[in-house]
Amino acid sequence: MNINKKLLPMKAQYFLFNAGLAGVVSFLPLYARQLGFSSMVVGTIYTILPITGMLAKPIFGMMADYFQLQKTLFLACQTVMFLAYFVIQFIPEIPAENPVTLTCGDLTYFKTCGSDVDSCTASKFMAEAGNSTVFCKATCHASYNQMQNLCSYWQSQKYCNTTSSTSLQFETEIPMQHTMQEGSCLYLRVHEVLFAGDVHVPVCTNLTMIHCSIQCDSSELNRLISSPIAAGTHVANLYQFWLFLVLMIAAFISKAVASTMSDAICFQLLGSSPQEFGRQRLWGAVGWGIFAFVAGVLVDKFSKGQTEKDYTVMFYLMLVLMLLAVVVSFKLKCTEQILATRIMKNVGKLLSEPHIIIFLLWCVFVGIETGFLWQFLFWHLEDLVSVKDCEMQHWIKTLEGLAMGIRCFVGEIPFFFLAGRILKKIGHVHAMSLVLFMFGLRFVLYSVIANPWWSLPLEVLQGPTFGIFYTTMASYASIVAPPGTETTMQGVVGAMFEGVGLSLGGLLGGVLYDRYGGALTFQMFGVTSFIIFILHVFVQHLMTTSSRYSTGTSIRIHYTSPQTAAKILEDREKIHNDLESISS
């Protein structure tokens with residue numbers, strides 16, 4: 001067996017780069033949730049990130065091509081990326097408030113509902129609290145009439161401002177044996193209320209409901225019912241949000257540009273064998289699969305006995321692996337390409353081709369599906385855990401890491417290895433259709449599983465989705481790029497996938513997940529993918545049946561491989577030049 005030693009550093013770079021990113025990128029949405037950001041805020045952040053990548057990729061790609069600085073920018077971006085990701089762990093959690101609804105009737109309760117109430121944590125807390133009593137301080141706000149009625153019912157008028165009272169502060173004892181849980185709602189029985197030490201019975205003749213905020217002497221209860229301020233409209237006033245956003249933008253731009261340049265350098269090393277790209281890129285999947293699992297196991301191990309997951313080990317693991325990736329990158333033999341003097345004109349002409357436009361739209365939609373998958377699949381699995389089996393929470397990160405391992409080793413790696421043969425066998429257009437169909441199937445299956453364990457066999461579908469997609473996208477962009485614009489073209493295509501696609505996926509996913517939950521949102525994304533699949537097959541059938549040039553000649557077009565696509569574009573260019581010569 002012959003080993004191409006020239007490509008060994010490239011394989012090692014892919015392995016270490018993706019191994020370092022595996023834990024951080026996989027668990028950062030969950031880490032953001034633990035910091036106190038809602039799904040809407042996380043979705044917004046992951047909408048902004050790809051847009052910055054979309055702007056940065058072509059700009060840095062063009063700079064690399066024009067100034068011949070591929071390797072220098074490649075090393076600089078990797079360094080900035082891992083430093084930005086590493087600093088994120090030092091951001092403190094955002095402030096939280098404990099909003100409840102005071103429901104006063106024959107019995108009085110503090111009621112809190114919503115996705116912020118973790119049913120597993122609630123059940124565990126109630127079991128451990130037993131017959132204990134929790135002491136809380138409450139501040140309630142209501143209209144003047146509501147507040148006066150409440151004070152009258154409780155016979156505490158002297159503690160209400162008789163002229164303009166719209167708020168009321170009191171203390172209360174909550175006996176935990178009377179606490180009830182129904183679905184995502186928690187009911188805390190208010191036994192007595194105290195005003196300056198005077199005890200009053202909280203009973204109302206007519207049902208009265210007002211909004212309050214409570215602070216209790218039990219940190220577990222406070223954490224259970226707390227609602228992050230960032231879940232509301234105050235997120236822009238929090239320095240934690242802006243610090244997190246700036247670091248994420250710096251890391252994401254650097255990661256996006258480094259990935260693009262890594263692929264461009266790889267295609268330079270491959271020379272006349274671009275079909276071998278998948279066999280190089282699969283080592284990235286190997287690194288990702290191994291260390292996503294390792295990171296999950298380590299996070300669970302170091303979080304044992306704690307109420308929240310401790311992600312510190314994940315950041316230090318990333319730091320070590322990324323330092324090794326930078327060292328290996330120094331050894332890459334990068335030869336600069338012929339300088340294209342008309343980079344924008346050459347690339348712009350290419351992007352006006354109808355089949356290239358369809359290709360870019362395909363990249364955008366796959367980016368939408370991928371963006372939602374990356375940001376919210378693990379949210380969905382953890383929500384299933386809180387409903388199905390609370391004991392599973394102790395090792396949910398291990399399960400998620402195992403899912404990433406299966407996704408890479410059983411899904412991506414075989415398809416990266418076979419991608420060249422698959423493209424040659426079924427053709428570029430059919431490969432695009434296959435990816436759309438498999439995304440639809442994968443998402444619909446995610447929507448119907450009731451146990452997180454069933455997500456493991458579904459990770460095999462990562463192969464015919466991301467494995468085929470990424471190889472097709474990168475190799476096609478490299479082949480059709482005019483000489484000297486290789487990095488620019490990779491940046492343009494990557495910008496459509498990440499900048500437009502991932503951005504829309506994060507935004508739509510955040511909005512829909514917040515409103516409809518995980519199962520229904522996955523179902524909507526899956527059905528949409530099936531619809532786009534049918535549309536794509538229909539449009540491509542029309543375009544491959546007949547395509548009319550500006551000369552009026554009808555020519556049949558069929559993409560059997562990326563090389564055929566490139567040949568068609570070359571033929572069109574020759575026809576165009578010949579016509580110009582004749583006319584002159």
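The structure reproduced in this document is the subject of the present report. If you're wondering where the values come from, they're calculated on a predicted model, not measured in any experiment.

**Points about the state of the cysteines**
All chains considered together, the criterion is met by three disulfides. Two residues, Cys104 and Cys204, share a disulfide whose sulfurs are 1.9 Å apart. Note on the Cys104 and Cys204 pair: the S-S dihedral is about 100°, so by sign convention the disulfide is right-handed. On the criterion of sequence distance, the pair formed by Cys104 in strand 2 (residues 99-104) and Cys204 in the loop between strand 9 (198-200) and strand 10 (208-216) is long-range, its members being 100 residues apart. In this structure, Cys104 and Cys204 share a single accessibility class: buried.

**Quick notes on the pairing of strand 2**
Where burial is concerned, most of strand 2 is hidden: five out of the six residues are buried. Relative to strand 10, strand 2 runs antiparallel, the two being bridged by six bridges. Looking at the pairing, Pro99 lines up with Ser213 of strand 10. What sits between the antiparallel neighbours strand 2 and strand 3 (residues 108-112) is a turn of three residues.

**Some thoughts on the packing of aromatic side chains**
Per the counting criterion, the structure on display carries 34 aromatic pairs. When the centroid spacing of 5.4 Å and the interplanar angle of 35° are considered together, the rings of Phe466 and Tyr470 count as tilted. On the criterion of helical spacing, the pair formed by Phe466 and Tyr470 is a turn pair, its members being four residues apart in helix 15 (residues 462-480). Comparing Phe466 with Tyr470 shows no difference in burial state: the two are buried. Among the aromatic side chains, those forming a connected cluster through ring pairs are Phe372, Phe376, Trp379, Phe439, Phe443, Tyr446, Tyr513, Phe522 and Phe525. Directly above the aromatic system of Trp379 lies the positively charged group of Arg33, at a separation of 4.2 Å from the ring centroid.

**Some words on helix 12 (residues 396-426)**
Between the first and last C-alpha of helix 12 there are merely 39 Å, a value that for 31 residues lags more than 12% behind the 45 Å anticipated at 1.5 Å per step. Where helix 12 bends most, the angle comes to about 55°, and this point is Leu418. Downstream of helix 12 by one or two residues, Gly427 has phi in the positive range, about 90°.

**Here's the deal with the packing of helix 1 (residues 8-35) against helix 9 (residues 312-329)**
The interhelical angle for the contact between helix 1 and helix 9, taken along N-to-C directions, is 155°, at an axis separation of 8 Å. One finds that helix 1 runs roughly antiparallel with respect to helix 9. The handedness of the crossing between helix 1 and helix 9 comes out as left-handed. Counted together, Pro9, Ala12, Gln13, Leu16, Phe17, Ala19, Gly20, Gly23, Val24, Phe27 and Tyr31 of helix 1 and Met314, Phe315, Met318, Leu321, Met322, Leu324, Ala325, Val328 and Ser329 of helix 9 form the full contact between these two elements. Split into classes, the residues belonging to the contact of helix 1 with helix 9 amount to 16 nonpolar, four polar and no charged.

**Examining the pairing of strand 5 (residues 167-175)**
In the sheet, strand 4 (residues 133-141) pairs with strand 5 via nine bridges, with the strands oriented antiparallel. The partner of Ala138 across the bridge, within strand 5, is Phe170.

**Some thoughts on the sheet that holds strand 7 (residues 185-189)**
The strand order across the open sheet built from nine strands is 6-7-3-2-10-4-5-8-9, with neighbouring strands paired in antiparallel fashion. Lying at the two open borders of the sheet, with one neighbouring strand each, are strand 6 (180-182) and strand 9. On average, each strand axis in the sheet is inclined to that of its neighbour by 35°, with strand direction left out of account. Across six bridges, strand 4 lies against strand 10 in antiparallel orientation.

**Structural notes on the environment of Leu434**
Mapped onto the fold, Leu434 is located in helix 13 (residues 428-448). According to the relative accessible area criterion, Leu434 is partly exposed, its value standing at 29%. Between the C-alpha atom of Leu434 and that of Ile468, which follows or precedes it by 34 residues, the distance is 8.7 Å.

**A closer look at the nonpolar core**
A general trend in soluble globular proteins is that nonpolar side chains are found buried together. Counting 125 residues, the largest nonpolar core has Phe37, Tyr85, Ile88, Phe244, Trp362 and Phe469 as its most contacted members. Looking at which element gives the most residues to this core, the answer is helix 11 (residues 354-388), with 19 residues. Once residues lying within four places of it in the same chain are set aside, the contact partners of Phe244 are Ala32, Leu35, Phe37, Ile45, Ile88 and Ile91. By size, the runner-up hydrophobic cluster in this structure holds 34 residues, among which are Val100, Ala129, Cys140 and Ala142.

**Here's the deal with the pattern of salt bridges**
On inspection of all chains with the given rule, the structure shows six salt bridges. Asp383 serves as the salt-bridge partner of Arg33, at 3.3 Å between the closest nitrogen and oxygen. Taken together, the residues Arg33 in helix 1 and Asp383 in helix 11 connect sequence positions 350 residues apart. Accessibility expressed as a relative area gives 27% for Arg33, which makes it partly exposed. When the shortest N-O distance is used, the salt bridge between Lys397 and Glu382 registers 2.7 Å. Taken together, the residues Lys397 in helix 12 and Glu382 in helix 11 connect sequence positions 15 residues apart. For Lys397, a relative accessible area of 2% puts it in the buried group. Each member of the salt-bridge network shares a partner with another, and the members are Glu382, Lys397 and Glu400.

**A word on the environment of Glu308**
Summarising the element assignment, Glu308 is placed in the loop between helix 8 (277-302) and helix 9. By relative accessible area, Glu308 is classed as partly exposed at 22%. Sequence-wise, Glu308 and His394 are 86 residues apart; in three dimensions their C-alpha atoms are separated by 10.0 Å. The contact partners of Glu308, leaving out residues within four places of it in the chain, are Gln34, Glu93, Arg223 and Ser303.

Parameters at a glance
Residues numbered from 1 in each chain as written. Predicted model: local features only at pLDDT ≥ 70, side-chain atom pairs only at ≥ 80, totals over all residues. Heavy atoms only, no water. Disulfide = S-S within 2.5 Å. Helix = DSSP H or I, 4+ residues; strand = E, 2+ residues; numbered from the N terminus. Buried < 20%, exposed > 50% of the residue type's maximum accessible area, 1.4 Å probe, protein only. Pairing = 2+ DSSP bridges. Phe/Tyr/Trp six-rings, centres within 6.5 Å; stacked < 30°, edge-to-face > 60°. Lys NZ or Arg CZ within 6 Å of the ring centre and 35° of its normal. Expected span 1.5 Å × (residues − 1). Bend = angle between axes of the 7 residues up to and from the residue. Axes fitted to C-alpha atoms, helices over the stretch in contact; angles between N-to-C directions. Parallel < 35°, antiparallel > 145°, perpendicular 65-115°, else oblique. Left-handed = near helix turned anticlockwise from the far one by under 90°. Contact = heavy atoms within 4.5 Å. Nonpolar A, V, L, I, M, F, W, Y, C, P; charged D, E, K, R; others polar. Core = buried A, V, L, I, M, F, W, Y, C linked by side-chain atoms within 4.5 Å. Salt bridge = Lys/Arg side-chain N within 4 Å of Asp/Glu carboxyl O.

That's the geometry; what it means functionally is another story.
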